[in-house]
Protein chains: 4
Amino acid sequence: MQYKTIVLSEERNVTLTVMIQGTGGEFRSISERPAVLVIPGGGYRFCSDREADPVAAVYLKAGYHVFILRYSVGADARWPRPLEDYEEAMALIDAHADEWHVIREKIAVVGFSAGGHLAGAAATMAKRRPAAAVLGYAVLREETARELGCDIPAIPEHVDGDTCPCFLFATRSDSVVPIQNTLDMLNALNRFQTSFECHIYPYGPHGFSTGDPSIQSMDTIFPRRAEDWTADSVAFLRDLFGDFGARGMTEPVLRAHTNDDGMAWLSLDCSVGRIYGNPEARRVLADTIRHMRERIRPFTPEMSFEDMMQALGKMTLRELLTERGIDTDRLPELDAALRTVPNI
Amino acid sequence: MQYKTIVLSEERNVTLTVMIQGTGGEFRSISERPAVLVIPGGGYRFCSDREADPVAAVYLKAGYHVFILRYSVGADARWPRPLEDYEEAMALIDAHADEWHVIREKIAVVGFSAGGHLAGAAATMAKRRPAAAVLGYAVLREETARELGCDIPAIPEHVDGDTCPCFLFATRSDSVVPIQNTLDMLNALNRFQTSFECHIYPYGPHGFSTGDPSIQSMDTIFPRRAEDWTADSVAFLRDLFGDFGARGMTEPVLRAHTNDDGMAWLSLDCSVGRIYGNPEARRVLADTIRHMRERIRPFTPEMSFEDMMQALGKMTLRELLTERGIDTDRLPELDAALRTVPNI
Amino acid sequence: MQYKTIVLSEERNVTLTVMIQGTGGEFRSISERPAVLVIPGGGYRFCSDREADPVAAVYLKAGYHVFILRYSVGADARWPRPLEDYEEAMALIDAHADEWHVIREKIAVVGFSAGGHLAGAAATMAKRRPAAAVLGYAVLREETARELGCDIPAIPEHVDGDTCPCFLFATRSDSVVPIQNTLDMLNALNRFQTSFECHIYPYGPHGFSTGDPSIQSMDTIFPRRAEDWTADSVAFLRDLFGDFGARGMTEPVLRAHTNDDGMAWLSLDCSVGRIYGNPEARRVLADTIRHMRERIRPFTPEMSFEDMMQALGKMTLRELLTERGIDTDRLPELDAALRTVPNI
Amino acid sequence: MQYKTIVLSEERNVTLTVMIQGTGGEFRSISERPAVLVIPGGGYRFCSDREADPVAAVYLKAGYHVFILRYSVGADARWPRPLEDYEEAMALIDAHADEWHVIREKIAVVGFSAGGHLAGAAATMAKRRPAAAVLGYAVLREETARELGCDIPAIPEHVDGDTCPCFLFATRSDSVVPIQNTLDMLNALNRFQTSFECHIYPYGPHGFSTGDPSIQSMDTIFPRRAEDWTADSVAFLRDLFGDFGARGMTEPVLRAHTNDDGMAWLSLDCSVGRIYGNPEARRVLADTIRHMRERIRPFTPEMSFEDMMQALGKMTLRELLTERGIDTDRLPELDAALRTVPNI
């Protein structure tokens, strides 16, 4: 492992710790690796060591390169300074990506508390957006930020169609950052059909980091299963980035969006409801719709085919046709046809 | 194990399957057991076997008695018939609680999809409410119910101060019951400071039950970690009901509400913000507040004590005093004093 | 689930509890299921309920049919009575296999303590042998049996080439059944190249069954990870029996023997050492051996090819050729040729 | 984290990589930490990177300091050179223990394959012995060493009363280092009543390191549960070293020996059999034995008290008295009395 600390700003004490794992040789088919950028919390007043090295270990074990960003805090933290620190770190990683064997388009941010705010800002407002964001008991709402004495933007309202998939975790009884922060983010992500995973544990203190007993001792009232977020977040990143395979990274199983309803043109990955509600799309798919009428039995005799389309309306058309075995050999052709229809 | 099926309504095919585990003897200090009532899904059109026996096995292994309710479906399902079936089942269990060694106040419902709707109704509207509810990819919103052709009440808007703690799980990409159902419920529970746990997995089909490969085969695109909800839900119930100890059930570690802000009188378990915002409470706690002024250092020099009380305002006063070691020997006395102050 | 108790012997109080899960319908491609026969312990003096229903729940959740055998104990236990009870139970299951949708060749025994002795006897001496055996803190040595006052045969010395794969678990500090019982069995299985899995936890009492807190309370000194044997044993059975797939049971990944060195004729699944040590085999494989000489580089320059064959001698020839990509398109032909060579 | 590489021998390329985690400050009550010394494998021909950094990450996450020893290999590996490298590394750690906040008596070795041989040698022959040893698919038998072309001592025959507790794991079908290596070590440890934990998975290749997909890709035939050894080994070390508590390290729950039968004088932690077989001990404990006669009921009417003492003979006397509630208030006094009796 290469290990070094690069100073991004001496006066503001901004640093990037770099942990680069081996490639090739003993590591066989691994010629480059995904990476995570860990962003510790500390109320924008300091950067907590509890949320630095122990977190790095999680992703090192999973085969990822790891970076730790210690950003501007205290008097230096005036927004958007921390976000600029993030941008600088990402630019530096990008510049060294070949040398360090980093897969540029597979870099996730992992932030905690105030660091979760910064990770959330990276996911929604940055010029160089990450490909995934892990947000741990993150400060996301304006009200919470204000109560903590921070003048920083709310994150949920900045979620947009380009926001990356997010993994959120927190304890429901967190008395420093109320759980509503996480709930608001879930609602915002859902509005844009952005993929997410979420684990909310019913109790336990703020700031538990990995939840390992070396961080959160066995003497505290803490649900031990809250340690599971670490393995779950690794699995989430594998679903999204693909896994290490015998011949390079495997295909991801998780898409960034649950459907393509937010795109400019229709496709098979739009929802059945969206497609069926578009007259032009119905015209283009006339044959397929006739096959569907023949093959899809309504739940009840009195249900019309139109009602049935509404009941199944959240599935993508690709899912529906595949599941029912309708026109499966024509899928590429149907997709191409739909991509000529404006999504209006 | 005693195993039998009791017919609640022959004409509507409503049954209660009863699985009663041993007590005493080999089971030593276990003289009675908590129970779960499993409520399978099936769109109020049938009761799915996939969500019956395999689910029962989860809670049998955990030492709980298990009941399975097969309720009115299809033409018999007109609301509130299914809820009445639930009430009848609970009345029957209550009547046999001594004989079956069931701990009356430790009965949870575990419902899936439409059965999750019924479990949610039990938690919010029933005469005999359960002590906990596990809601799996549950139908909860009116819009979703309507699309599925069911004329049933929305659950989130019926959440009240008596709603039991809930454990929710679902897949984010569920195309039958959109994830917004679960999100709305979380928001509603949070409004009443009701305890909850929640696991949302990023993809996977509706109706995965336990997620075991015998239900959701290895050939399907499904995140294997979604099986974890079973163990997590058992842990949640143990947190809430206490665990089997050498001398009966142990003390629970999870309270039904994260604080007592919703109660008629103040207490040490109300939030600091709630207490500090009440002039009468400030008067009653004058000494303690003076100690807090001396001992609690604001985050920044320019922060006032009042701002600090707001920053810490989500903690209960009990947590704050305990964590900082302030007046810890006077806690019972302070609690008694606060309980004389109306919560207004 | 069908649930009933069949009396095998009224006078000796021998019973078989039958738990048959659903097939077809909701369970789609599952038309029949593997099964386990649970054999509780109790020193051949009684049958412990702690090792009956809670264990059944483990395998029910995994999709298996479950049977519980309560065999002859106390004055009725004179050997081989208990083994005859086992034979009778297996005969009965066999007779009902079609009706109950049991896969005849995929029945495992799961025994504990003295029940582990009986399961071990089934695996090594029975007429109807199981396809796998799970042996929990089992009595296997003669010395231990004698100390416990039982006149029963030692199991390790009865292991033979037909003994099924075994999964063993125990605590190292077991003061009722010393760990040497398990160690002796591992050595015996290894002598016959029989597949096994083994988990020995460093402390904890005898008789912990599933290890669930409802059996082994949180108040006892017990390593909670010892609960993992339940999930591990299910995984072991899946490896051996195949898993539930979209089109019936999938192919097993675990073979009953690590190689075929114990068979009457050679094959590609014999070890390289066995094959290379047989002059007739060397003649039959002359071309392949020439290719190996060209392609397999010794670890050190001074190492001869013959030494290298010894160093790799534990691999099967199939593994070696596959890994090194030698004559891989001729494997069926080479296997056929070897099967003409007596294994002497 | 401090990270550096110290050269122990330039000419033989022997190095110690040092990873020191923070103490105090954010890490509160943690003023010093246990440590592990990772010893990669490679047949004494090289040191495998696969068994270096990824393994370090496991123990870093658990809060331990980590050292990686790259020892003499190839032409430099003539025994006991590698063991001398180990001694030098341990001496260096000892010399810096205060500076690095290492708990001197809580250092474990973690070795793989040939590195497992070196770790085993450290545990049985070194001047500075570790407090625990984790041995992964380790070369331990002479026969195996010889087949791999290594002239090194067998480990099991060097096990003695001072050998530390061991955690062993391997795959049963390992075709490079046969499972008999691990089995022989278990038998040797048991002869000295030394504590151990063991996990043998039924298949999978040699050299799987952590088993993470980044090491052992999802394309290989490998039981994913074999990854569990990492968490299990951490739990084993916690049992043995104590865990991080709110006031320093907690008390260990696992003793180095299952009983004190190997000590020079008797004690309550000797086995009942050992004590009862010693006439002098029977005299010293006359009262207690009378109480036992009154309170301990034989399994069967015809069983004598002497037979019963044999049946319970593997328990320590402390366990037996505690479990049956006999003379529990006199335990210190009884222990003192026994410690005057030579263990002959």
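Reading guide: rules and limits
Residues numbered from 1 in each chain as written. Chains lettered and ligands numbered in written order. Predicted model: local features only at pLDDT ≥ 70, side-chain atom pairs only at ≥ 80, totals over all residues. Heavy atoms only, no water. Least-squares fit on C-alpha atoms with pLDDT ≥ 70 in both. Helix = DSSP H or I, 4+ residues; strand = E, 2+ residues; numbered from the N terminus. Contact = heavy atoms within 4.5 Å. Buried area = accessible area lost by both parts, 1.4 Å probe. Salt bridge = Lys/Arg side-chain N within 4 Å of Asp/Glu carboxyl O. Domains from an automatic or database assignment. Phe/Tyr/Trp six-rings, centres within 6.5 Å; stacked < 30°, edge-to-face > 60°. Buried < 20%, exposed > 50% of the residue type's maximum accessible area, 1.4 Å probe, protein only. Lys NZ or Arg CZ within 6 Å of the ring centre and 35° of its normal.

(A) Quick look at the relation of the copies chain D and chain C. Of the two same-sequence chains, chain D is brought onto chain C (RMSD 0.0 Å, axial shift 0.0 Å) by a rotation of 180 degrees. Look at the turn and shift together and you get a two-fold axis relating the two. Distance from the rotation axis, computed per C-alpha, reaches its smallest value in chain D at His 199 of chain D: 2.3 Å.

(B) Summary view of the side chain of Arg 238 of chain D. Take Arg 238 of chain D: it is sitting in helix H7 (residues 228-241). Setting aside residues up to four positions removed in sequence, Arg 238 of chain D forms contacts with Asp 212 and Pro 213 of chain A together with Ala 62, Tyr 64 and Asp 243 of chain D.

(C) Examining the interface of chain A and chain B more closely. Each partner contributes residues to the interface: chain A has 43 residues there, and chain B has 44 residues. Both sides of the chain A and chain B interface together cover about 3,900 Å² of buried area, and 53% of this is carbon and sulfur. By the criterion of area lost to chain B, the three top residues of chain A are Glu 147, Arg 172 and Lys 314 of chain A, representing 17% of everything that side buries. Of the charged contacts in the structure, one is a salt bridge between Arg 225 of chain A and Glu 197 of chain B, with a shortest N-O distance of 2.5 Å.

(D) Spotlight on the domain arrangement of chain A. For chain A, the domain assignment lists domain 1 (2-249) and domain 2 (272-338). Taken over C-alpha atoms, the centre of domain 1 of chain A sits 40 Å from the centre of domain 2 of chain A.

(E) Local environment of the arrangement of the chains. Nothing in chain A touches chain C; the tightest C-alpha to C-alpha distance between them is still 12 Å. Separated in space, chain B and chain D share no contact, their closest pair of C-alpha atoms being 12 Å apart.

(F) Highlighting the relation of the copies chain A and chain B. Each copy superposes on the other: chain A lies on chain B with an RMSD of 0.1 Å after a rotation of 180 degrees and an axial shift of 0.1 Å. A symmetric contact is evident, with 100% of the interface residues of chain A recurring at the interface of chain B.

(G) Highlighting the packing of aromatic side chains. Applying the stated criterion across every chain yields a total of 65 aromatic pairs over all chains. Aromatic side chains Phe 169 of chain C and Phe 208 of chain C sit 5.8 Å apart centroid to centroid with 65 degrees between the ring planes, which places their arrangement in the edge-to-face category. Of this pair, Phe 169 of chain C sits in strand E7 (residues 166-171) while Phe 208 of chain C is found in the loop between strand E8 (196-201) and helix H6 (228-241), placing the two residues 39 residues apart along the sequence. Grouping residues by exposure puts Phe 169 of chain C and Phe 208 of chain C together as buried. Between Arg 282 of chain A and the ring centre of Tyr 276 of chain A, over which it is positioned, the NZ or CZ distance is 5.5 Å. The ring of Phe 27 of chain D has Arg 33 of chain D sitting right over it, with the charged end atom 4.9 Å from the ring centre.

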